[in-house]
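Given next are the chains, with one letter for each unit.
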Amino acid sequence: MRSLTMNELPPPPPDKTGWPWTEETPPLPESMPDGSPWPRISIVTPSYNQGQFIEETIRSVLLQGYPNLEYIIMDGGSTDNSVEIIKKYEPWLAYWVSEKDRGQSHAINKGFEKSTGEIMAWINSDDFYFPECLHKVALAFFSHPYAGFVVGGIAPADESSCLGKVQVPKLPAGAPVDLTLLDPDSWHLPQASAFFSRKLLSEIGAWVREDLHYTMDRELFYRAAYKSNLIILEQALATFRHHPQSKTTAYILSAFEETRKSFAYCNIGVDKQKKLRARILKFRLAQGYYYYANTVWGIQAFMYFVKAVIFRPEYIFRLSFLKNAFKKSILKIR
């Protein structure tokens, strides 16, 4: 698909201004700096009942000014106004469908199977890209031909698209690296700003694992980082939107608990590495129970504090932990 301008797309709602409503990315030159064609970038958006946000997502992809874009939307049979919005942009989509699926991971895989790009990514229907995102990604792959994936910064956003401070990706060791053997707090690779080469995904097993519903992105990072070089861009490429209905917010404890399954796919190495991975898994589960204990009260909070201690006994020696546990559970129980 050729570069699009704002005037070619449907007009934005009257109350919307700025990127990507009344602003656009200037079209890129027809070829890369060396005269070669721009690599095709395939973007997949898995969608389900995110009509409040999806138009912003769609416009942020189409208004990249990128001359070789393939955009695919896989809707899971939305019952809100999502399909109506998607149809507005149908002429500029490589493919879209609205039908029942087996969840987000299945939708992503269905979209990837329809794609043909050399560079691949998915952007959820409540997130969006920043201007020049695809330009920066294409140049990063061009400058580092042996890299398998590129990850940029990310800016959290709320329901009204107000942006927070940019979070820069971090990795304590250069890839290739086994991320499952690192402290989970020592690395941060945001999914919304991640782009993979098709070659790498073909080598490590396409695409995301459909039995994972919350940690499929982390598990994909485990495989990718273990086999390939990684390029980190400090500039923000995308947003990650926090809102009550988002899967990460609503099911955060389930996401922590699913870590056990995603780790099981990476049970490689000698006994020493497997024991370290088991300790990190316990640490991750303890984090999840501790986090969730602070979101509830009374008996429920007490039970989650206990589970956090079971997986990480050293919590019991932290004064801040004991104060939280007493405040959130014991006082409420009384």
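A brief report on the enclosed structure follows. Within every chain, residues take consecutive numbers counted from 1 along the sequence as written. Totals for whole chains, interfaces and linings use all residues, but because this is a predicted model, local features are given only for residues with pLDDT of at least 70 and pairs of side-chain atoms are given and counted only at 80 or more. Excluding hydrogens and water, the side-chain values take into account all heavy atoms of the structure.

## A word on the side chain of aspartate 178
Part 1: Tracing the chain through its elements places aspartate 178 in the loop between strand S5 (147-157) and strand S6 (194-197).
Part 2: By relative accessible area, which is 14% here, aspartate 178 ends up buried.
Part 3: Within 3.5 Å is the distance limit for a polar contact, defined as a pair of N or O atoms, with the added protein rule that one can donate a hydrogen and the other accept it, and that residues adjacent in sequence qualify only through two side-chain atoms. At 2.5 Å, the side chain of aspartate 178 forms a polar contact with the side chain of threonine 180.
Part 4: In what follows, residue pairs with any heavy atoms lying within 4.5 Å of each other are defined as contacts. Beyond its immediate stretch of four places on either side in the chain, aspartate 178 contacts Tyr226, Ile268 and Arg277. In DSSP terms, a helix is any run of H or I states spanning at least four residues, a strand is any run of E spanning at least two, and both are numbered starting from the N terminus. Remark: exposure states derive from per-residue accessible area (1.4 Å probe, protein chains only) relative to the maximum for the residue type, with buried under 20%, exposed over 50%, and partly exposed in between.

## Some words on unusual backbone geometry
Part 1: The omega torsion of the bond from alanine 175 to proline 176 falls at 5°, within 30 degrees of zero and hence cis.
Part 2: Within the secondary structure, proline 176 sits in the loop between S5 and S6.
Part 3: Cis geometry marks the peptide bond from alanine 206 to tryptophan 207; its omega dihedral reads -5°.
Part 4: Here tryptophan 207 is to be found in the loop between helix H5 (198-204) and helix H6 (216-227).
Part 5: One non-glycine residue, glutamate 132, lies in positive phi territory at about 65°.
Part 6: Inspection of the secondary structure assignment puts glutamate 132 in the loop between strand S4 (119-122) and helix H4 (133-143).
Part 7: A relative accessible area of 35% means that glutamate 132 is categorised as partly exposed.

## Examining the nonpolar core
Part 1: Residues grouped as a nonpolar core are buried Ala, Val, Leu, Ile, Met, Phe, Trp, Tyr and Cys residues, joined through side-chain atoms within 4.5 Å. Counting 52 residues, the largest nonpolar core has Phe149, Leu179, Phe196 and Phe221 as the members making the most contacts within it.
Part 2: Broken down by element, this core gets its largest block of residues, seven residues, from helix H10 (residues 271-293).
Part 3: With residues up to four places along the chain from it excluded, the contact list for leucine 179 reads Leu171, Trp187, Leu189, Phe221, Tyr222 and Ala225.
Part 4: Within the second largest apolar cluster, 47 residues are counted, among which are Val83, Ile85, Leu237 and Ala238.

Interpretation in functional terms is not warranted from these geometric data alone.
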